[in-house]
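Inside the fold
The residues making up each chain are set out below.
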Amino acid sequence: MTRVYEIPYHPDDGSFWTVRLGGVPVGRFPSRFEALRAAVNLAAADGAGATIGVEGADGIWRPFGSDARRPVPIQAVPMRKLSAVR
């Protein structure tokens, strides 16, 4: 089961950012940076099944790993035909 910690772009009531886990508040913080730091610590403690969802200024939610680095899909490398040269 994947656990997703959510951090909104705007504060909830104008002064605090609420970190949510599955829609349930798990903490309120005076800055977005502190909310992100807490989410990273919580996700790291949960292990590999935890991710962080961060809302951008454009309203799009983006997934990050528990190390706060954005997951990057591995691109397939095209096959090359090799030949031996003597």
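Residues numbered from 1 in each chain as written. Predicted model: local features only at pLDDT ≥ 70, side-chain atom pairs only at ≥ 80, totals over all residues. Heavy atoms only, no water.

Re the environment of D12
You can see D12 is positioned in the loop between β1 (3-7) and β2 (17-21). For D12, a relative accessible area of 39% puts it in the partly exposed group. Separated by 16 residues in the primary sequence, D12 and R28 have C-alpha atoms spaced 9.3 Å apart. When sequence neighbours within four positions are dropped, the list of residues in contact with D12 reads T18 and R20. Of note is the side chain of D12, whose polar atom sits 2.3 Å from the side chain of T18. (Helix = DSSP H or I, 4+ residues; strand = E, 2+ residues; numbered from the N terminus. Buried < 20%, exposed > 50% of the residue type's maximum accessible area, 1.4 Å probe, protein only. Contact = heavy atoms within 4.5 Å. Polar contact = N/O pair within 3.5 Å; in protein donor to acceptor, adjacent residues only side chain to side chain.)

Quick notes on the sheet that holds strand β4 (residues 50-55)
Pairing is mixed in the open sheet, where five strands are placed in the order β3-β2-β1-β4-β5. Every interior strand has two partners, whereas the edge strands, β3 (24-29) and β5 (61-64), have only one. Averaged over all adjacent pairs, the angle separating strand axes in this sheet is 25 degrees, with direction ignored. (Pairing = 2+ DSSP bridges. Axes fitted to C-alpha atoms, helices over the stretch in contact; angles between N-to-C directions.)

Observations regarding the pattern of salt bridges
This structure, assessed with the given rule, holds four salt bridges. A salt bridge links D46 to R3; the shortest N-O distance between them is 2.8 Å. Of the two residues, D46 is situated in helix α1 (residues 32-46) and R3 in strand β1; the sequence distance between them amounts to 43 residues. By relative accessible area, which is 33% here, R3 ends up partly exposed. Of the charged contacts in the structure, one is a salt bridge between R28 and D13, with a shortest N-O distance of 3.3 Å. Of this pair, R28 sits in strand β3 while D13 is found in the loop between β1 and β2, placing the two residues 15 residues apart along the sequence. (Salt bridge = Lys/Arg side-chain N within 4 Å of Asp/Glu carboxyl O.)

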